[in-house]
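Coordinate analysis (summary)
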Amino acid sequence: MLINERLDRLGENPFTRLNALLAPIAPRTNQRPVLLSVGEPQHAPPAFLAETIASNSDLWNRYPPVQGTDDYRLAVTEWLTRRYDLAPGSLDPARHALVLSGTKEGLYLATQMAVPQVEQGKKPVVLLPNPFYLVYRGAASMAGAEIVPMPATRETGFLPDFDAVPPATLERTSLAFLCSPANPQGAIASLDYLKRAITLAREYDFTLIVDECYSEIWDKAPPTGALEACQALGQGFANVLVFHSLSKRSNAAGLRCGFVTGDETLLARFQRFRSFGASQVPMPIQAGAAALWREESHVEANRALYRTKIDIAERLLGGRFGFYRPEGGFFLWLEVGDSEAAARRLWQEAAIKTLPGNYIGVPDASGRNPGDGFLRVALVHDETTLTEALERLVQVL
Ligand SMILES: Cc1ncc(COP(=O)(O)O)c(C=O)c1O
């Protein structure tokens, strides 16, 4: 009953809304439809992924350990230690990593664990960057929390301003989400920013989820991470859960594999919670995934391809639609006036699907939805398709 009520209040998923918006419209062009609405990687994962899965085919009969194989957990803690320059030994594979069947399920389930029924005698709050990845809002709503959106606008550097949240709200906060590099705006949180957010999480004792699933797709400099900020603060990983995925880093969205790291007490509870019903990741998949975390040359090549796409976008859109080069990730966040009208026109006149920014935001306390007026455009297609699609976009808008 409760689930149905909360689901009804949550409403539709942004992509269902987009389909409903465009369904009555037939493109007036014979041009090939291009979906710039979905952030689905189009590059191939490296060949050794399939080879490693095949060479571990003797493991398909096994029930996989819910927390992940020892080797997978070793591969990810070694990767984190290298990537974030952590002190050797600060991560223990047995305590600091859990495999996930993609980070989506992990983000959703961690929210169910982090949100109690009552916080300080009141309804618990979940702080969301606004706009956001749809799962943050879905998970918080289904957990029964009050959602407090934190505007992440041009004025705030496209990241939420934690210091603008009133202390009375922080006192009943159970969980806060942060995404860096941010989907959709591509902003990267600095070390000082992360330290501040972690300090607030500890002061007010809430869980801080840092979603770093775009950490390896960057333009000029590799983003710092929440574990690095924890190390700089020097109190272990208390209150922090960090999510990483192979979906974007290794173009393996269909593999469904990622991990969560951070606070070992939270991770132990999360493992217990997940043991009652969450997806396990098949052992051949974990073997392939471990091989991906151990290899960087395919990640560098992937990053270079995304940089080329941003170059194309800058050449075609620079100086218009509030264009800026995203610091990380592969989305453009373009200012187009009326978001839905722009999405409709692009579909009708150019067979291009884009996502209205207001669908991935909610009105904040002032009544303003910071996604209003924006379109999210995914730069995932090959150079020719992308060039052609962006040329059409410029013509129409
Ligand atoms: C910000 C963000 N976090 C998490 C995910 C989930 O990725 P996956 O479940 O493939 O790891 C996505 C996917 O699009 C995303 O955009």
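Criteria and thresholds
- Residues numbered from 1 in each chain as written.
- Predicted model: local features only at pLDDT ≥ 70, side-chain atom pairs only at ≥ 80, totals over all residues.
- Helix = DSSP H or I, 4+ residues; strand = E, 2+ residues; numbered from the N terminus.
- Buried ≥ 20, exposed ≤ 12 C-beta atoms within 10 Å, placed from the backbone.
- Contact = placed C-beta atoms within 7 Å.
- Domains from an automatic or database assignment.
- Nonpolar A, V, L, I, M, F, W, Y, C, P; charged D, E, K, R; others polar.
- Pairing = 2+ DSSP bridges.
- Axes fitted to C-alpha atoms, helices over the stretch in contact; angles between N-to-C directions.
- Left-handed = near helix turned anticlockwise from the far one by under 90°.
- Right-handed = clockwise from strand over helix to strand, strands pointing away.
- Core = buried A, V, L, I, M, F, W, Y, C linked by C-beta atoms within 7 Å.

Re the overall build of the protein
Helices and strands together make up the secondary structure of the protein, namely 15 helices and 12 strands. With respect to the principal axes defined by its C-alpha atoms, the protein has extents near 55 × 55 × 45 Å. In the protein, which comprises 397 residues, the proportion classed as buried is 47%. Relative to all contacts within the protein whose residues are 6 or more apart in sequence, the contacts with residues 24 or more apart total 76%.

A few points about the domain arrangement of the protein
Each assigned domain of the protein is listed with its residue range as follows: domain 1 (2-44 + 298-396) and domain 2 (48-295). For domain 1 and domain 2, the distance between their C-alpha centroids amounts to 25 Å. Contacts between the two partners involve 32 residues from domain 1, matched on the other side by 34 residues from domain 2. Where the side of domain 1 that touches domain 2 is concerned, the elements lending two or more residues are α1 (2-10), α13 (297-317) and β9 (331-335). Take the side of domain 1 that touches domain 2: its biggest share by element is seven residues, from α13. Class assignment for the residues of the side of domain 1 that touches domain 2 results in 14 nonpolar, nine polar and nine charged.

Describing the sheet that holds strand β11 (residues 355-356)
Strand order across the open sheet formed by three strands is β9-β12-β11, with antiparallel pairing between neighbours. Each of the sheet's edge strands pairs with one partner strand only, and the pair in question is β9 and β11. In this sheet, strand β12 (residues 374-378) lies alongside β9 in antiparallel orientation, the contact comprising five bridges. Each residue of the ladder has a partner; that of L334, found in β12, is L375. The sheet strands contacting helix α14 (residues 339-350) are β11 and β12, and the helix crosses β12 at an angle near 45°.

What about the packing of helix α3 (residues 47-55) against helix α12 (residues 283-293)?
The interhelical angle for the contact between α3 and α12, taken along N-to-C directions, is 145°, at an axis separation of 8 Å. Between α3 and α12 lies a crossing whose hand is right-handed. Only P284, I285, A287, G288, A291 and L292 of α12 make contact with α3, whose side of the interface consists of F48, L49, T52 and I53. Its residues assigned to classes, the contact of α3 with α12 shows eight nonpolar, two polar and no charged.

Thoughts on unusual backbone geometry
With omega at -10°, the peptide bond leading from S180 into P181 counts as cis. Looking at where P181 falls in the secondary structure, it is placed in the loop between β5 (173-179) and α8 (191-203). Even without being glycine, R256 reaches a positive phi, approximately 55°. Its location among the elements puts R256 in the loop between α10 (246-249) and β8 (258-262). On the basis of neighbour counts, which here come to 20 C-beta atoms within 10 Å, the residue R256 falls in the buried class. The residue F321 is not glycine, and still its phi comes out positive at about 55°. By the C-beta count within 10 Å, which is 20 here, F321 ends up buried.

Examining the sheet that holds β8
Spatially, β2-β8-β7-β6-β5-β3-β4 is the arrangement adopted by the seven strands of the open sheet, whose pairing is mixed. Strands with a single pairing partner mark the edges of an open sheet, and in this sheet they are β2 (98-100) and β4 (146-151). Going from strand to strand, the sheet's axes swing by 25° on average, the running direction of each strand aside. For strand β3 (residues 125-130) and β4, the ladder comprises six bridges, and the chain directions are parallel. Its bridge partner being in β4, L127 is matched across the sheet by V148. Contacts between helix α11 (residues 264-274) and the sheet are confined to β2, β6 (207-211), β7 (240-245) and β8, with β8 contributing the most and set at about 140° to the helix.

Points about the environment of L86
Within the element layout of this structure, L86 appears in the loop between α4 (70-83) and β2. For L86, a count of 17 C-beta atoms within 10 Å translates into the label partly exposed. Once you skip the residues sitting within four places of it in the chain, L86 turns out to touch L80, T81, L91, L227 and Q231.

A word on the pairing of β5
Where burial is concerned, most of β5 is hidden: seven out of the seven residues are buried. Where β3 meets β5, three bridges bridge the pair, whose relative direction is parallel. If you follow L127 over to β5, its bridge partner there is A176. Across five bridges, β5 lies against β6 in parallel orientation. Looking at the pairing, L178 lines up with V210 of β6. Crossover β5 to β6 through α8 is right-handed.

Focus: the nonpolar core
Judged by nonpolar contacts, the single largest core of 113 residues is most densely connected at L208, V240 and V260. With eight residues, the top contributor of residues to this core is α12. Both domains that furnish three or more residues to this core are identified here as domain 1 (2-44 + 298-396) and domain 2 (48-295).

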